[in-house]
Amino acid sequence: MNKIFHKGYFSEMFRQLKVIGIVAAIILMASNFTTAVSALMSFASETGVLANRIPGGFELAMPMMMYVYLSGLVFTFVAYNWLNRRAYSDFYHALPVTRKQMYYSTFLAIIIWMAIGLTAYSIVHSLIYLIFDLPFNYLLFFCVYVNMLIGAIEVVGAVSLACAISGTRFVNLFASIVILFVPRFLLSVMSVFIETDAPYMLSSIASYSLFFDPSYNIIATPYGSIVQMISNGAYTVNYAKIPAMIWSLCWSVLLVFLGGIAFNKRASETAGIPTKSKLFQTVVRTAIGLPLLLLLMYLIVNEEATLVAGVFLVLFSFIFYCLYELISTKSPKKMVKAMPLYFVCVGIALLYLVIPKLIIKAESTVKVDENRTKGFYVLKTENGFFSEFGLGGDQTYSSIKKEKIRITDDKAIEILCKAYDRNVSMINKNSDTGSGMWLTVKIDRTNGTDIVRNILFSESEYNTLSQLLEKNEDYYKAGIAFPPGHKYFFVNGLTRQEARKLAAVYEEEFASLDDAKKLMLKSNMSGYIFGIDSVDPFEVSTGRFNMTLQVSGCVGAKNFNESFAINNFTPKSLKMYIDIINQRNGDEGLKMLDELKAWFETGGDNGSSEYYVDIGNVTNVYFYDTNYGVNSFSGNNSKLLPKDADPEVYEMIKMLANAELSDDPENALQVTVYVSWHKEKNISYSSEKVIYLKLSDEDLSRIRDLDVLRRVNFDKVGDYTDPVLD
């Protein structure tokens, strides 16, 4: 241990970094208050879906990631500042401390300071969410914390290596960027080219390949979200992937080790000299010239390149290439000598037109047939029975459970293999993918190797597959399960405490229902009704009631966000919700309906006015008047009163205005009323209220009829700017 560690040198370096370490930790800690205030304000508003959303991995990682980048760079530059000044370099090299002791003692001092900042931030951050009981995934946060500690080692290792092989601050900076980001950047761009050449089917390579998965070097892929947008969503970073953490740690330790070797061999005379390694100088120059050329290659692959764009991209790439050489060496002669090597950049860029096609060719030769397939897992879906995503982009609890279930049904495997062969054929022929439903599946093959593919299924194949999976007891049960364990609830219009009480009643009711109704309450949320054909949609699905219970939680390090319909299937929950809302909004809502009824009867005299009525999810009526007393939807008949211009809508508004508040879900109708006006004397008023009204069966039937009329005669009632009047 004494061969690589010197206690006195470590203590001195730790002391020198103390001020920077404390300031950096305080700045990172301060970001906690921003996070806490934002989360608390979201809950305080008691509105909006995001109020109940658990922070994802990237959100949790971003403050720590920025800290790792900046503090790692500053700490290391300060600690090795003497390497770039000849007099200081000679002095330090003359100390009775070995090179190894210097290097590893400095590394340890930096890492401890960075770990102190990350740990303090993480503890306070967790406590804030714990004290206020805000939605949070503590296991995911711990995984992010571990990734950031590994990232700190990688950043310090990369910057230390750059400082050891160069002697100026300018080269130190660019070399650090190249060492840290370029290898993963080149692989990330390669995955984009693969996905572009083979749309959809092979895009999952980016998420499940060691070389292309950003989870295998999180700190080196800060641009992952940008690549994700370009690559059609192929990129997903898994902060809890243990193999990725181990790989990242090994890579980080390797950088530290290489830095130690370079530091041990470094001559004192290197201070002030960009670098004595021509190879290293060439690598950095090439990395600086590559990005614009890769952009040109991407435009060529997408058939979007033009001659002008090509000339400009190559020209600016060459200029950046030459400028780096001139600034770093301060020698025009060396810049001129380096110019021919620019073709190295061009050669590497051209490989991006060839290598993706070779990879796609190799992947498309992988055989998948019934004899080679033991089963498959559904990992990602579009909608319907397989529905994966809840509100806010998180997975649903059901999909998390489903992706662990291996499908072994012979007919399902037959459908999979047939669709797979057709997809491969489309890629090989470069033909149009056509229409259908996409599923991302992991195929479990008999030779022991799994492959992940995005596969397009025809509509009939998809429907058959849905029916087969419905018969799979494990898969079906996962699809109708109510999430267990600690959960967070959100219901529009309710406080957190009210939502919890409602959820307790709802969960009990949900458990007592049969499986078909459970599925109805869940599938309703994606507009997919499965299995109950005899139920009147007006009554249960999208009619009188349009409200949901949003449930958030976590399974291990994965967040889920799922919604359940509140309707006639859950009468106790529905009544509880109606009572709370009517008590809060009833008087004001009825007043607004009276105002709207009066407007129909007397015409608009409220200045610039807006009126909006939403009945369940069936009828949506909107009025807008900007003519200070003249009905803007009455066309040439500007003197016609609203009730005469549209008697059917007036009949509906009058029916609602004359109704009473309901306390019984059996005769309750959800109505949202919005009224806003701005008078000439700058007197403004705006309000939106949800209320539940008591209507007879006859009234409900009439509203159904009016709704049909509204949809049939859309120009008459729905388009008020250019109406057709009888």
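**Student:** Before we move on, can you summarise the overall build of the chain with the specific residues and values?
**Tutor:** On a plain count of helices and strands, the chain comes out with 25 helices and 11 strands. A burial count over the chain gives 51% of its 726 residues as buried. In the chain, of all internal contacts separated by at least 6 residues, the share reaching a separation of at least 24 is 76%. For the chain, the accessible area works out to roughly 33200 Å², and carbon and sulfur atoms hold 60% of it.

**Student:** Could you give me a rundown of the sheet that holds strand β5 (residues 548-555), with the residues and numbers involved?
**Tutor:** Across the sheet, which stays open at both edges, the 3 strands sit in the order β4-β5-β6 with antiparallel pairing between neighbours. The two strands at the open ends of the sheet, each matched to only one other strand, are β4 (488-490) and β6 (558-565). The mean inter-strand angle of the sheet, taken between neighbouring strand axes irrespective of direction, is 20°. In terms of strand pairing, β5 meets β6 through 8 bridges, oriented antiparallel. Bridge pairing links Cys-554 to Asn-559 in β6.

**Student:** Give me the nonpolar core: which residues, what numbers.
**Tutor:** Counting 69 residues, the largest nonpolar core has Val-68 and Met-148 as the members making the most contacts within it. Residue assignment for this core shows that the elements contributing at least two residues are α1 (7-16), α2 (18-45), α3 (57-79), α5 (99-131), α6 (138-165), α7 (169-197), α10 (242-265) and α11 (278-301). Among the elements that make up this core, the one with the highest residue count is α6 (15 residues). The residues contacting Met-148, other than those within four sequence positions of it, are Ala-61, Met-64, Met-65, Val-68, Leu-118, Ile-218 and Ile-219. In terms of nonpolar packing, the next biggest core, distinct from the first, is built from 29 residues, Tyr-397, Ala-503, Tyr-506 and Phe-569 among them.

**Student:** Break down the sheet that holds strand β2 (residues 437-445) for me, with residues and values.
**Tutor:** One open sheet accounts for 3 strands, arranged β1-β2-β3; its pairing is antiparallel. For this open sheet the edge positions go to β1 (373-380) and β3 (450-457), each flanked by a neighbour on one side alone. Each neighbouring strand pair of the sheet contributes to a mean axis angle of 35°, computed without reference to strand direction. Direction of pairing for β1 relative to β2: antiparallel, over a ladder of 6 bridges. Across the sheet, residue Phe-376 finds its bridge partner in β2, namely Ile-443. Sheet contacts for helix α16 (residues 410-429): β1, β2 and β3; angle to β3, the most-contacted strand, approximately 80°.

**Student:** Which residues make up the pattern of salt bridges, and what are the values?
**Tutor:** On inspection of all chains with the given rule, the structure shows 17 salt bridges. The residue Glu-403 makes a salt bridge to Lys-558 at a minimum N-O spacing of 2.2 Å. Placement of the pair is Glu-403 in the loop between α15 (397-402) and α16 and Lys-558 in strand β6, with a sequence separation of 155 residues. Classification of Glu-403 by relative accessible area gives buried; the value is 9%. What makes Lys-558 partly exposed here is its relative accessible area of 32%.

**Student:** Please provide a residue-by-residue account of the pairing of β5, values included.
**Tutor:** Direction of pairing for β4 relative to β5: antiparallel, over a ladder of 3 bridges. For Phe-489, the partnering residue across the bridge sits in β5 and is Val-551. Two successive antiparallel strands, β5 and β6, enclose a turn made up of 2 residues, where Gly-556 displays a positive phi of approximately 65°.

**Student:** Run through the environment of Lys-361, naming residues and quoting values.
**Tutor:** For Lys-361, the location among the structural elements is in helix α14 (residues 342-364). Sequence spacing of Lys-361 and Asn-428 is 67 residues, and the spatial spacing of their C-alpha atoms is 8.0 Å.

**Student:** Account for the packing of helix α21 (residues 571-602) against helix α23 (residues 647-657), naming residues and giving values.
**Tutor:** Across the interface, α21 lies against α23 with an axial gap of 9 Å and an inter-helix angle of 145°. Seen along the crossing, α21 lies across α23 with a hand that is left-handed. When α21 is examined against α23, the residues Leu-593, Asp-594, Leu-596, Lys-597, Phe-600 and Glu-601 are found in contact with a partner set consisting of Val-649, Tyr-650, Ile-653, Lys-654, Leu-656 and Ala-657. Within the contact of α21 with α23, the residues separate by chemical class into 8 nonpolar, no polar and 4 charged.

**Student:** Give me the packing of aromatic side chains: which residues, what numbers.
**Tutor:** A complete count under the given rule lists 32 aromatic pairs for this structure. When the centroid spacing of 6.2 Å and the interplanar angle of 15° are considered together, the rings of Trp-247 and Trp-251 count as stacked. Residue Trp-247 and its partner Trp-251 are located together in helix α10, separated by 4 residues, close to a single helical turn. Residue class for Trp-247 comes out partly exposed when judged on its relative accessible area of 31%. Every member of this aromatic cluster is reached through a ring pair, and the members are Tyr-80, Trp-82, Tyr-103, Tyr-104 and Phe-263. Positioned above the aromatic ring of Phe-77, the side-chain terminus of Arg-169 is 4.6 Å from the ring centre. Positioned over the ring face of Tyr-377 is Lys-442, at 5.0 Å from the centre of the ring.

**Student:** Before we move on, could you go through a positive patch on the surface and cite the residues and values that matter?
**Tutor:** Among the surface-exposed residues, Lys-278, Lys-333, Lys-334 and Lys-337 lie close enough to one another that they form a single positively charged patch. If you tally residues by element for the positive patch, the top one is helix α13 (residues 332-338), at 3 residues. By secondary structure assignment, the location of Lys-334 is in helix α13.

The rules behind these values
- Residues numbered from 1 in each chain as written.
- Predicted model: local features only at pLDDT ≥ 70, side-chain atom pairs only at ≥ 80, totals over all residues.
- Heavy atoms only, no water.
- Helix = DSSP H or I, 4+ residues; strand = E, 2+ residues; numbered from the N terminus.
- Buried < 20%, exposed > 50% of the residue type's maximum accessible area, 1.4 Å probe, protein only.
- Contact = heavy atoms within 4.5 Å.
- Areas by Shrake-Rupley, 256 points an atom, 1.4 Å probe, with all protein chains shown as cover.
- Pairing = 2+ DSSP bridges.
- Axes fitted to C-alpha atoms, helices over the stretch in contact; angles between N-to-C directions.
- Core = buried A, V, L, I, M, F, W, Y, C linked by side-chain atoms within 4.5 Å.
- Salt bridge = Lys/Arg side-chain N within 4 Å of Asp/Glu carboxyl O.
- Left-handed = near helix turned anticlockwise from the far one by under 90°.
- Nonpolar A, V, L, I, M, F, W, Y, C, P; charged D, E, K, R; others polar.
- Phe/Tyr/Trp six-rings, centres within 6.5 Å; stacked < 30°, edge-to-face > 60°.
- Lys NZ or Arg CZ within 6 Å of the ring centre and 35° of its normal.
- Patch = residues over 30% accessible without salt bridge, like charges linked within 9 Å, V, L, I, M, F, W, Y side chains within 5 Å.
- Lys, Arg positive; Asp, Glu negative; His and termini not counted.
- Charge placed at Lys NZ, Arg CZ, Asp CG, Glu CD.

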